[in-house]
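Remarks on the overall topology
For reference, the chains in residue letters:
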Amino acid sequence: MPPTAPRTALLTRPRIALLVLLAVALALPTVADWMGEPFYVRLATRILVFALAAVSLDLILGFGGMVSFGHAAFVGIGGYAVGILFAHQSDGSTLFGFPGTVNGLIVWPLAMLAGALAALPVGAISLRTTGVPFIMITLAFAQMLFYLMTGLKAYGGDDGIALWSRSTLPAPLNINDHTTFYYVVLGLLVAALALGWRLVNSRFGRVIRGAKDNERRMAALGYPVTRYKLVAFVIAGALAGLAGALLANATMFVGPQYLHWSRSGDLIVMVVLGGIGTLIGPVLGAAALLLLEEFVPELMDLAHAGLGEHWKIVLGPVLILLVLYARKGLWGVVAGRRP
Amino acid sequence: MSTPLLSTDSLVKRFGGLAATDGLSLSVAEGELHALIGPNGAGKTTLIGQLSGELTPDSGTILFDGRDVTRLPVHKRAQRGLARSFQITSIFPSFTALDNVALAVQAHAGHSFRFWRDAGRDRRLADPARAVLERVGLGARADTRADALAHGEKRQLELAMALATRPRLLLLDEPMAGMGPEDSARMVELLQELKGGVTILLVEHDMDAVFALADRITVLVRGKDLASGTPAEIRNDPAVREAYLGDELEVA
């Protein structure tokens, strides 16, 4: 057994790593501005949005052992909540008697509600199983929703909905300004991480983690395990819905491809890459995946024109090496082995 | 005689053509330590499965505390005070020994839809958990991860978790399985202390332990109750000697 670090130490390696990450995140727009590369702020915003989605997946995958292969569906549904209300706002029509709106204080909570409401039946049915059947059923539900959105001609069908205005927030917050939007997303991500941290360490979180370790024993102790897992699944769905609302604002577009199974796969890759069951790890995972996706193809094209489209040939070995040599992913590498 | 705490009436469980439990009627009185013995394949594990709720009998009923629990799911039986330990150690490997027991305390403390407070600093969980760990002799190992415990310690932890739910009935499925003589002796000592305070149904292969501990013994052979009685009665029962004890002696 390695000796455990004294509990009184204030600056442990994970804490230092967290502070550095936060400092980098806070300084990023200023640095990008100084470098004359405003594009980096938009890229970083995208990273934070996907980080939020990946963190929500980690809550159920990393802590609850629920390998949901359909998590992008809840992201997509959150995005569509924004897109659909925008569409009604722009043509002045109503939805169930209500006018459309682009007010973020209404639309974003509704996106979370939509994510949660979608996760409820999906979870209630798929949590009757575990292991591979659970993976397949969540995947099947997500694909059903994908095709549903594809067929939803009233809201663009295949083409999705192009947004020509972002959600409005109370003054002075104007997310049409890239830097403001970046900080809003950062604030929401930090809030989600704090919430997640409380959650996994609460009594509720212990039940979820216990169920991951040994579900049979949990039942023998008297826990109605499925009920707790379902609540966790719904919470994750709500956070994914919020990520979807932010994604719609970041790209000014929503479409069925947001719900596609490959997006769910990307989210799992982010969680695995960053560190399963670490909460903060998936943020690193999202950054790593999106940065690789952004820059590796460019570099490969430099070496040989056209090579860039095969960039995943680089991603594969990186993933394999991390899974083999860093059990807690990138966060494990950064923060060291935690006791 | 007062109503037994646990009883089964004509319980039957078949796997294909094999009747693993064959019309079994068993009763465990409040406060007693009732041992269940029988050769391999006698249906002991199948019976424990049905009592705890993991298996549903094909026919017959199970009464616990005067109520029919035959079709009640596992967690509801546990909530009513029917705790079990597992033959193959079943703990939470990534939790510390203390947190393993704290989870059991928490199970007894009502619902766990509490999302905010840090459960690790909740003394209402940690204090009772520590007390139970002390009781089974694991106090010094409280902060060790469960998967790093020695085999004997894991068995003690297994028992601690069952105890921490403050059960009315403990179903102990071979608590001494795989233990060396020293650990076994400690476990016997521990069960001796628990005896009387909590009703226990003990399934065990260690005959010395069974005859030292039990108030009553039921001998199970091919899913049927071959004999029930005090240790002395069982020891002198010719049918038991023929069907089981003699057998066992030869093997040993």
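Think of each chain on its own: its residues are numbered from 1, step by step along the sequence as written. Think of it this way: whatever chain is written first is A, whatever ligand is written first is 1, and the rest follow in order. For this predicted model, a pLDDT threshold of at least 70 governs which residues receive local features, and a threshold of 80 or more governs which side-chain atom pairs are given and counted, while totals over whole chains, interfaces and linings are taken from all residues.

1. As for the overall build of chain A
Secondary structure elements are defined from DSSP: runs of H or I of at least 4 residues count as helices, runs of E of at least 2 residues count as strands, and each element is numbered from the N terminus. Each helix and strand counted, chain A has 13 helices and four strands in total. Computation of the radius of gyration draws on C-alpha atoms alone. For the globule rule, the value is 2.2 Å times the number of residues to the power 0.38. On C-alpha atoms alone, chain A measures out to a radius of gyration of 20 Å, which is about the 20 Å that the 2.2 N^0.38 rule sets for 339 residues. A principal-axis box enclosing the C-alpha atoms of chain A has dimensions of 65 × 50 × 45 Å. Classification of the 339 residues of chain A by burial places 48% in the buried group. Three exposure classes are used. Buried residues have 20 or more other C-beta atoms within 10 Å of their own C-beta, exposed residues have 12 or fewer, and partly exposed residues fall in between, all C-beta atoms being placed from the backbone.

2. Comments concerning the overall build of chain B
The helix and strand inventory of chain B stands at nine helices and ten strands. A globule of 252 residues ought to have a C-alpha radius of gyration of about 18 Å, and chain B, at 18 Å, matches this closely. Its C-alpha atoms give chain B principal-axis dimensions of roughly 60 × 40 × 35 Å. Counting across all 252 residues of chain B, residues that qualify as buried make up 42%.

3. Examining the confidence of the model for chain A
Averaged over every residue, the pLDDT of chain A is 92; the share at 70 or more is 97%. Residue range residues 1-6 of chain A is modelled with pLDDT below 50. Its contacts to residues more than four positions away, or to other chains, number four contacts. Confidence scores here are pLDDT values: one per residue, from the predictor, ranging 0 to 100. Note on contacts: each residue gets a C-beta atom placed from the backbone, and two residues are in contact if those atoms are within 7 Å.

4. A short note on the pairing of strand E1 (residues 6-15) of chain B
Residue and element names in this part refer to chain B. With five bridges joining them, E1 and strand E4 (residues 59-64) adopt antiparallel strand pairing. Each residue of the ladder has a partner; that of Ser 7, found in E4, is Leu 63. If DSSP finds at least two bridges between two strands, the strands pair. Relative to strand E2 (residues 18-28), E1 is paired through eight bridges, and the arrangement is antiparallel. Each residue of the ladder has a partner; that of Val 12, found in E2, is Asp 22.

5. Side note on the sheet that holds E4 of chain B
All names here are of chain B. Taken in spatial order, the four strands line up as E2-E1-E4-E5 in an open sheet, and their pairing is antiparallel. At either margin of the open sheet sits one strand with a lone partner, and together these are E2 and strand E5 (67-68). Against the sheet, helix H1 (residues 44-52) touches E1, E2 and E4, its axis set at about 60° to E2. A fitted line through C-alpha atoms serves as each axis, taken over the contacting stretch for helices, and the angle formed by two N-to-C directions is quoted from 0 to 180°.

6. Notes on helix H4 (residues 104-126) of chain A
A helix is expected to span 1.5 Å multiplied by its residue count minus one. Along its 23 residues, H4 of chain A runs 32 Å from first to last C-alpha, staying within 8% of the 33 Å computed at 1.5 Å per residue. Largest kink in H4 of chain A: about 25°, centred on Leu 120 of chain A, with the proline Pro 121 of chain A one to four residues after it. To get the bend at any residue, fit one axis to the seven residues that end at it and another to the seven that begin at it, then take the angle between the two axes.

7. A short note on the domain arrangement of chain B
Residues and elements named next belong to chain B. Splitting chain B by domain gives domain 1 (1-81 + 167-252) and domain 2 (91-166). Domain start and stop positions are those given by an automatic or database domain assignment. The C-alpha-based centres of domain 1 and domain 2 are spaced at 26 Å. Contacts between the two partners involve eleven residues from domain 1, matched on the other side by nine residues from domain 2. By residue number, the principal contributor to the side of domain 1 that touches domain 2 is helix H6 (residues 181-194), which donates four residues.

8. What to know about the environment of Arg 141 of chain B
Residues and elements named next belong to chain B. Along the polypeptide, Arg 141 turns up in the loop between helix H4 (123-136) and helix H5 (151-164). When the 19 C-beta atoms within 10 Å are taken as the criterion, Arg 141 is described as partly exposed. Note: C-alpha distance between Arg 141 and Glu 153 (twelve residues apart in sequence) is 8.8 Å. With residues near it in sequence (within four places) discarded, Arg 141 still touches Ala 97, Leu 149 and Glu 153.

9. What to know about helix H11 (residues 281-303) of chain A
Residue and element names in this part refer to chain A. Between its first and last C-alpha atoms H11 spans 32 Å; for 23 residues at 1.5 Å apiece the expected length is 33 Å, and the two agree. Three or more residues of H11 are buried, namely Gly 281, Pro 282, Val 283, Leu 284, Gly 285, Ala 286, Ala 287, Ala 288, Leu 289 and Leu 290. On its buried side, H11 packs onto helix H2 (39-61), helix H10 (261-274) and helix H13 (329-335).

10. Brief notes about unusual backbone geometry
Backbone phi values are negative for most residues with the exception of glycine, while trans is the configuration of most peptide bonds. The step from Ala 171 of chain A to Pro 172 of chain A runs through a cis peptide bond, and the omega angle for that step is 10°. Inspection of the secondary structure assignment puts Pro 172 of chain A in the loop between strand E3 (161-162) and helix H6 (178-201). Positive phi, close to 55°, is recorded for Met 252 of chain A, a residue that is not glycine. For Arg 166 of chain B, which is not glycine, the phi torsion reads 50° and is therefore positive. Arg 166 of chain B sits in the partly exposed class, given 15 other C-beta atoms within 10 Å.

11. Thoughts on the nonpolar core
As used here, a nonpolar core is made of buried Ala, Val, Leu, Ile, Met, Phe, Trp, Tyr and Cys residues. They are joined through C-beta atoms within 7 Å. Ranked by size, the top nonpolar core spans 177 residues in total, and within it Leu 52 of chain A together with Val 101 and Ala 160 of chain B carry the most contacts. When residues are assigned to domains, this core turns out to be shared by domain 1 (1-81 + 167-252) and domain 2 (91-166) of chain B, each giving three or more. Look past the residues within four positions of Leu 52 of chain A in its chain and what remains in contact with it is Leu 188, Leu 189, Ala 192, Leu 239, Leu 242, Ala 243 and Leu 246 of chain A.

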